[in-house]
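# Structural overview
So the chains spell out like this:
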Amino acid sequence: MNAIKLYFLSSLFLVAGVFHVVTPHVFNEAVPDIFFNKYWAILITGLIEFLLAAGLIIKRTRDFSARYSALYLLCLVPVHVYVSIFQVEMFGISSPIVLWGRTLFQFVLVYLALSLQDKGPLIFQRWKDVVFLHYKISATELQKHVPFTLDLFEGNAIVSIVPFMMDRIRFPFLPWVPGVSKLWELNLRTYVTVNGIRGVYFFTLETDSLIGQKIAQNFFHLPYRYSQISARIKDKEYFFQHSRGEYSFSLKAATGAIRSKSSFETWVLERYHLFLEKKGKIFQGTVSHHPWPLQDLVITIIKDQFSNLLELNQELTFISASYTKEISVSFAPFKECSPIIYSSKD
């Protein structure tokens, strides 16, 4: 898939560069009058596209070129908006629907460019009011529900329920939008090793944002579902309610003092990779953030039907609970990885 994206984007830059250099007059009306010399603006645009096409093909410069391809494509968004508003005819096309569709497609190209990076961030966000509820269960019981080798703590498999808010969601070079760039989430996860790397495996991720669900499913391959979620955090009181039929979840708790992590919490939380399987392919995502700052969490009421999604024959045994006020996070693009899976060695 990455090869397809790579050749598509580099070919697009190459063809666009040829048109800008060979037939600059075609783009003359698309260039706003603020440019004193439209010919040179169009010619320079074509030369930039040649450089970006070449940079994407060369492996050593791919990360740099992918990042600046995204920036270049974003810089062209105002031009596409201008063309759409004034219905400037391009290659015989002046339909507002087509022109606005092309403008929106520019953001898809930005995503494709960023996803070609090996190490650079694809998206930034902040996680707020994060609660971790950890449970243990027999590895034999849980393994049949997980496509990867379970990572065990003292011989037990670990399952975690994690409610939190995600906000300040933005792509590189773009600001976050107040009131829009946030959502509530509830996820159910366990811990695995894939190709010798410790990581997280999600059974499900629930969100109250339909837009967030669609983006996560289509661009990040993550198993998001839309659900009704409400939450209230005031002073030290924490209330969270998730509703999805027979798989609902509610929590009422109080947050406490800042504390250090136990050896178990370090083992379970300080993981910077997540794995998923889709259509027989294995994908690895990488997350970057500072170590988790934890606070005590005193549970008043908890009603968990959410973990019934696993259809386990044994009860989950509670281990610990903790709370984090906030942490800033960035995600690198998911990469398809080798199907070779090594066993856990604890």
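Up top you'll find the structure we're talking about.
Notes on the structure follow. Bear in mind that the values here come from a model prediction, so they are computed numbers and not experimental data.

### Notes on helix 7 (residues 210-219)
All of the buried residues in helix 7 are Gly212, Gln213 and Ala216. Looking down the long axis of helix 7, one finds its buried residues gathered within 100 degrees of arc, a one-sided arrangement. Turned more than 90 degrees away from the buried face of helix 7 sit Ile211 and Asn218, all of them exposed. In the core, the buried residues of helix 7 are packed alongside strand 4 (182-194), strand 5 (197-207) and strand 6 (224-226).

### Examining helix 2 (residues 38-57)
The end-to-end C-alpha distance of helix 2 is 29 Å, a good match for the 28 Å that 20 residues give at a rise of 1.5 Å each. For helix 2, every residue scored as buried is listed here: Lys38, Ala41, Ile42, Leu43, Thr45, Gly46, Glu49, Leu52, Ala53, Gly55 and Leu56. Tucked inside the fold, the buried residues of helix 2 contact helix 1 (2-22) and helix 3 (62-75).

### Thoughts on the pairing of strand 8 (residues 237-243)
Here strand 8 shows a clear split, with Tyr238, Phe240 and His242 buried on one side and none of Glu237, Phe239, Gln241 and Ser243 buried on the other. Pairing of strand 7 (residues 228-234) with strand 8 involves 7 bridges; the strand directions are antiparallel. Pairing of Arg232 across the sheet is with Phe239, part of strand 8. Taking the residues between adjacent antiparallel strands as the criterion, strand 7 and strand 8 are bridged by 2 residues, where Asp235 takes a positive phi near 55 degrees. For strand 8 and strand 9 (residues 249-259), the ladder comprises 6 bridges, and the chain directions are antiparallel. Bridge pairing in strand 9 links His242 to Phe249. Between strand 8 and the antiparallel strand that follows it, strand 9, lie 5 residues; Gly245 among them carries a positive phi value of about 60 degrees.

### Examining the side chain of Ser209
Within the element layout of this structure, Ser209 appears in the loop between strand 5 and helix 7. Residues in contact with Ser209, not counting those within four places in the same chain, are Leu183 and Tyr226.

### Concerning the side chain of Arg62
Tracing the chain through its elements places Arg62 in helix 3. One buried charged residue, Arg62, remains without a salt bridge, the closest side chain of opposite sign being Asp118 at 5.7 Å. Not counting the four nearest positions on each side in its chain, Arg62 is found in contact with Leu6, Gly55, Leu56, Ile57 and Leu116.

### Describing the pattern of salt bridges
Across all of its chains, the model carries 11 salt bridges by this definition. Glu265 is the salt-bridge partner of Arg259, the closest N and O atoms lying 2.8 Å from each other. Within this structure, Arg126, Asp167 and Glu326 form a network of salt bridges that share partners.

### Describing the environment of Val298
Looking at the element boundaries, Val298 is found in strand 12 (residues 294-304). Separated by 296 residues in the primary sequence, Val298 and Asn2 have C-alpha atoms spaced 46 Å apart. If we ignore the near neighbours within four places in the chain, the residues touching Val298 are Ala253 and Ala254.

### What about the pairing of strand 4?
Of all 13 residues that make up strand 4, 12 are buried, and the element is covered over most of its length. Sheet topology note: the strand 2 (residues 149-150)/strand 4 ladder contains 2 bridges and is antiparallel. In the sheet register, Leu150 faces strand 4, and the bridge partner there is Val192. Examined bridge by bridge, strand 3 (residues 157-170) and strand 4 share 9 bridges and lie antiparallel to one another. Paired with Met166 across the two strands is Leu183, which belongs to strand 4. Pairing analysis gives 10 bridges linking strand 4 to strand 5, with the strands arranged antiparallel. What sits directly across from Thr190, in strand 5, is Tyr201. The antiparallel hairpin formed by strand 4 and strand 5 contains 2 residues in its connecting segment, where Asn195 sits at a positive phi of about 55 degrees.

Criteria and cut-off values
Residues numbered from 1 in each chain as written. Predicted model: local features only at pLDDT ≥ 70, side-chain atom pairs only at ≥ 80, totals over all residues. Heavy atoms only, no water. Buried < 20%, exposed > 50% of the residue type's maximum accessible area, 1.4 Å probe, protein only. Helix = DSSP H or I, 4+ residues; strand = E, 2+ residues; numbered from the N terminus. Arc of directions from axis to C-beta. Contact = heavy atoms within 4.5 Å. Expected span 1.5 Å × (residues − 1). Pairing = 2+ DSSP bridges. Lys, Arg positive; Asp, Glu negative; His and termini not counted. Salt bridge = Lys/Arg side-chain N within 4 Å of Asp/Glu carboxyl O.

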